[in-house]
Every structure is written in C-alpha cells, then in structure tokens.
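Secondary and tertiary structure notes
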Amino acid sequence: MLRKEQNDLLTQTGPDTPFGRMFRCYWIPALLAAELPENDCPPVRVKLLSERLIAFRDTNGCYGLMDEFCAHRGVSLWFGRNEDCGLRCPYHGWKYDVTGQCVDMPNEPEQSAFAKKVKLSSYPLVERGGVLWTYMGPPASQPPLPEYEFAMVPAPQTYTSKRWQECNWLQAMEGGIDSSHVSFLHRGDINTDPLFKGARGNQYNLGDLRPVFEVVESAGGLFIGARRNAENGHYYWRITQWVMPSFTIIPPRGNHSVHGHFWIPIDDETCWAWSFDYHPTRALTDEELTAMRAGKGIHAKVDGNYRPLANKDNDYLMDRAAQKAGRTYSGIEGFAMQDASIQESMGPIVDRTKETLVSTDSGIIMARQRLLRAIKAFLEQDVMPPGVALEHQRVRSAAVVLPPDQPFKDAAREALIAHPGVAPASV
Ligand code: FES
Ligand SMILES: [Fe+2]
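Below is a short write-up of the structure.

Calculation rules
Residues numbered from 1 in each chain as written. Chains lettered and ligands numbered in written order. Predicted model: local features only at pLDDT ≥ 70, side-chain atom pairs only at ≥ 80, totals over all residues. Heavy atoms only, no water. Buried < 20%, exposed > 50% of the residue type's maximum accessible area, 1.4 Å probe, protein only. Helix = DSSP H or I, 4+ residues; strand = E, 2+ residues; numbered from the N terminus. Arc of directions from axis to C-beta. Contact = heavy atoms within 4.5 Å. Pairing = 2+ DSSP bridges. Donors = N, O, S within 2.8 Å, 3.2 Å for Na, K, Ca; no water. Expected span 1.5 Å × (residues − 1). Phe/Tyr/Trp six-rings, centres within 6.5 Å; stacked < 30°, edge-to-face > 60°. Lys NZ or Arg CZ within 6 Å of the ring centre and 35° of its normal. Salt bridge = Lys/Arg side-chain N within 4 Å of Asp/Glu carboxyl O.

For helix H1 (residues 4-11), the complete set of buried residues consists of Gln6, Asn7, Leu10 and Thr11. The buried residues of H1 occupy an angular sector of 120 degrees when projected down its axis, which confines them to one face. Those residues of H1 that are buried lie in contact with helix H2 (18-23), helix H4 (169-176) and helix H11 (362-381).

Now the structure itself:
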C-alpha cells in the first residue's frame, strides 16, 4: 500500500514532475525503426512522458525527434512535407532540420535572418537493435547508448514489438515483476503457446502455485527470485531481472528465446508496452518469428496504431466458454492481452491506498521502495539513478534448479550477467 502522495509521485512523469525528471535520465525506446523505414518517409507522431513530439528521417537518413508543433503558429508537423533534409510546415513553409533548427522561412523577406533564431526543442534519436531510442534529459548528462542484450545481439537473434496500453506505466510494469500470477492468469497458455511449451520448468510452474519469493537488490534494480518445489527436495528458481526504471527480463524456458519488456509512459494514463524476444546464442527460427508476428508469446496482434485488436472496447474478446472449460484461466486469449486486460481493468491509475499486499507482492513492494529512494537521492543530492550505467543493463534472467541450501543469487551469479556468446541458464 502507498500513501496518495507516494502513488502520485510514482505515476506522474510529465516534464516538471520529480519522477518525470528522473525518467529523463535514461535512454528509452521511442519507436520501432520500422516506423521510419526510409529516407524522407512520412513523419510519425510520438508522445512520450506527456510530451507531444514528431519523429522523422531526413534525406540523408538522419533521425530527428522534436516538438510536434510549428514554432510559427502551432500547426502539427505531422502534416509536414519531409523533403530536402528537413520537415516543412505545410501552412507557411517554415522548415526544420533534425535538430529542430528552423532553416527556412519562405514567407519572410529574403534578407531576413530570423530563421536562425527559431529552434524547436528536440532530442537525439538513435537506432539500436531495431529500436529508435531517445534521451529526453539535459544534454550535459546524456549517458552512452543503452546496452541491453536484446538490442546488442545480431539482428537475426532478436525481435521487438510494441503495443499501446491504456493504463499508467507503473501498474503495467508491476505485472512484469509479479511472477506469482503466471501460474493462474497464464496457466492455460504455458503448455500450449509455441514460444513457451515443452520446457521442463513449466511443470514446476504449474505444479506449485505458492512460490516463495526472495527479492534481492541488484546494482540496477532487483533480482526477483521465485522458488517452487522441484524433485528430491530441490528448488526450481525463476529469477527475473528488473532494471530501473521499467525494464524486465522474464526467466527463460528450455531452449526458447528469452523475453522481456519495457514500459514507457506515453502520458500518465497510457503507456507503451514494449516486448522483445531474443536468444543470446542462436538466430530465431522462422517458426518463432512467424509466431511472434502472429501475436503469440508475449506479443499481441495490433492495428496500424499499435492498439491491440482485443481491447477494452470489445471486452478483449472475452470467451466465457474457454474460461469455464479451463482452456484459458481468465477467458482472454494470449499472454499479452491477459496481462493488459487485467491491468487496464484497474482503471487508468490504480489507487494504491486501497490495495491489500501479501508476501508474493514483495517484488513490487521493493521496486516501489527502490524507485522512491532513487527519486529522493536524485532530487536532493543529484545522484544518478540505478539503471543508467551500462553494467546495470548487461544482465540476464535465469531459470535454475538448485539444492535447497544454495542461495540463488550466489549459485546463479554468473548466469545473471550477459556474457556475449554464452547460452542462458534455462530449465
Ligand atoms: S504555422 Fe507553420 S509555418 Fe506557419
Ligand atoms: Fe503476465
């Protein structure tokens, strides 16, 4: 449970809010590289951390992300003409380059140098791992580009999708670090989804509904260990990584690809759920890629605006017969929309003064504490928050079976670090 002011602090990320300022310490995913597929292609509206922006790719292939609205009289540059190394406002022809600098003002006298004085606020936009990343903080504090493993492996080994989620980022992210819901909400899919089925670990998941959580602080966030009973008194450990502010890696299953999420606030009542699947040592197969594109695993079927086809306007295509028969636990199909439906059902910003937390919520409780502590240190002492440093990002999740006397974080220490070319620890 949180006090109202704590809930406000953690859920508000606009430019002038405390957490909004801290969120702007990180490189965050802004759009898929595929959304700007070629030079001079149509610009794309991007709303992030409550700021309305426009992204475009110029004639030379440089990416720009800047204020959506023309400095002249506020026209949305989504209507702009992307031509000759700049985006031109269609109202009176003012033109901006990828840094937001106005480079032409064709409705002013030819000798006027006023264009030089006009610049839209803008942010860097850089491709890595099929994702366009931006950094929206003060330029002097800009960290090096992110090095999450999914974005660093060769392109054939990784796949990323995104979907629009109609609730605050925090309740979505909290679903990602709450591994106890998997044995309930997702139980119908663990043994049937092509990207999950067949792993030995699945049986431990389904066979022990009361995992014991052990949550340990990591340099960048938390190791969230969920312990379930295996054979001969051994324990099956699923260790999720949470890296601040909102990056998670779900523990692997068998030889399947490894997946995880980023939750990025669009504004305080909606967010992007980014979902990636990668394998550290092999290319994804055609079957896997076909399944991912079809919305299997943690991905979703979406429309042209990345809104899921199953959404709150159609009750997420609730299937009561499947729910009754146990084919799905909640009646909703697929991991992604099972998660999104229950998270959106809490309302746009869940009231955390009214919740009833129990022992299996310890990951969520510690993540909130960690965030609150980091915001305080950042605001009061200018301390750079966890998760900005590259070594905090070079981590992995793991699934292991251990004897009962071995603490997971010691036994799996190396498995929790991303060593390029080394296979993940998986059961
Ligand atoms: S409003 Fe954009 S040029 Fe006039
Ligand atoms: Fe889930």
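That was the structure; now back to the text.
Attention now goes to the sheet that holds strand E6 (residues 87-88). Here we have four strands laid out as an open sheet, ordered E5-E6-E7-E8, and antiparallel in their pairing. Taken across any chain shown, the strands that pair with only one partner, and hence form the sheet edges, are strand E5 (81-82) and strand E8 (102-104).

Every protein donor of the iron ion (ligand 2) is listed here as His181 (NE2), His186 (NE2), Asp339 (OD) and Asp339 (OD), and their distances to the metal cover 2.1 to 2.4 Å. Counting gaps between the donor residues of the iron ion (ligand 2) yields the pattern H-x4-H-x152-D. Of the two residues, His186 is situated in the loop between helix H5 (182-185) and helix H6 (187-190) and Asp339 in helix H10 (residues 335-345); the sequence distance between them amounts to 153 residues. As far as burial versus exposure is concerned, His186 and Asp339 are alike and both buried.

The subject of this paragraph is H11. Over its 20 residues, H11 extends 28 Å from the first C-alpha to the last, a length consistent with the 28 Å expected when each residue adds 1.5 Å. Of the residues making up H11, those classed as buried are Ser362, Gly363, Ile364, Ala367, Arg368, Arg370, Leu371, Leu372, Ala374, Ile375 and Phe378. Here the buried face of H11 lies against H1, H2, H4, strand E13 (212-217), strand E14 (221-229) and strand E15 (235-243). Asp382 lies just past H11 and shows a positive phi near 65 degrees.

We now examine the environment of Pro404. Summarising the element assignment, Pro404 is placed in the loop between strand E19 (398-402) and helix H13 (408-411). Placed 168 residues apart in sequence, Pro404 and Tyr236 show a C-alpha to C-alpha distance of 9.6 Å. In contact with Pro404, other than residues within four places in its own chain, are Gly233, His234 and Tyr235.

Counting across every chain of the model gives 21 aromatic pairs. Ring geometry for Trp237 against Phe408: centres 4.9 Å apart, planes inclined by 40 degrees, an arrangement best described as tilted. Residue Trp237 is located in strand E15, and its partner Phe408 is located in helix H13; the two are separated by 171 residues in the primary sequence. A residue is classified by how much of its surface remains accessible, and Trp237, at 3% relative accessible area, is buried. Using a relative accessible area of 1% as the deciding quantity, one classes Phe408 as buried. Each member of the aromatic cluster is reached from another via a ring pair, and the members are Trp133, Tyr148, Phe150, Phe247, Phe262, Phe276 and Tyr278. In this structure, Lys162 is placed above the aromatic ring of Trp272, and the distance from its NZ or CZ to the ring centre is 3.9 Å.

The next thing to look at is the pattern of salt bridges. Considering all chains together, one arrives at 24 salt bridges under this definition. Between Arg81 and Glu83 there is a salt bridge; the shortest N-O distance is 3.0 Å. Judged by relative accessible area, Arg81 falls into the partly exposed class, the value being 48%. Between Arg352 and Glu174 there is a salt bridge; the shortest N-O distance is 3.3 Å. You can see Arg352 sitting in the loop between H10 and H11 and its partner Glu174 sitting in helix H4, a full 178 residues away along the chain. Comparing Arg352 with Glu174, the two get one shared label, buried. Here the salt bridges do not stand alone but share partners, grouping Arg81, Glu83, Arg88 and Asp104 into one network.

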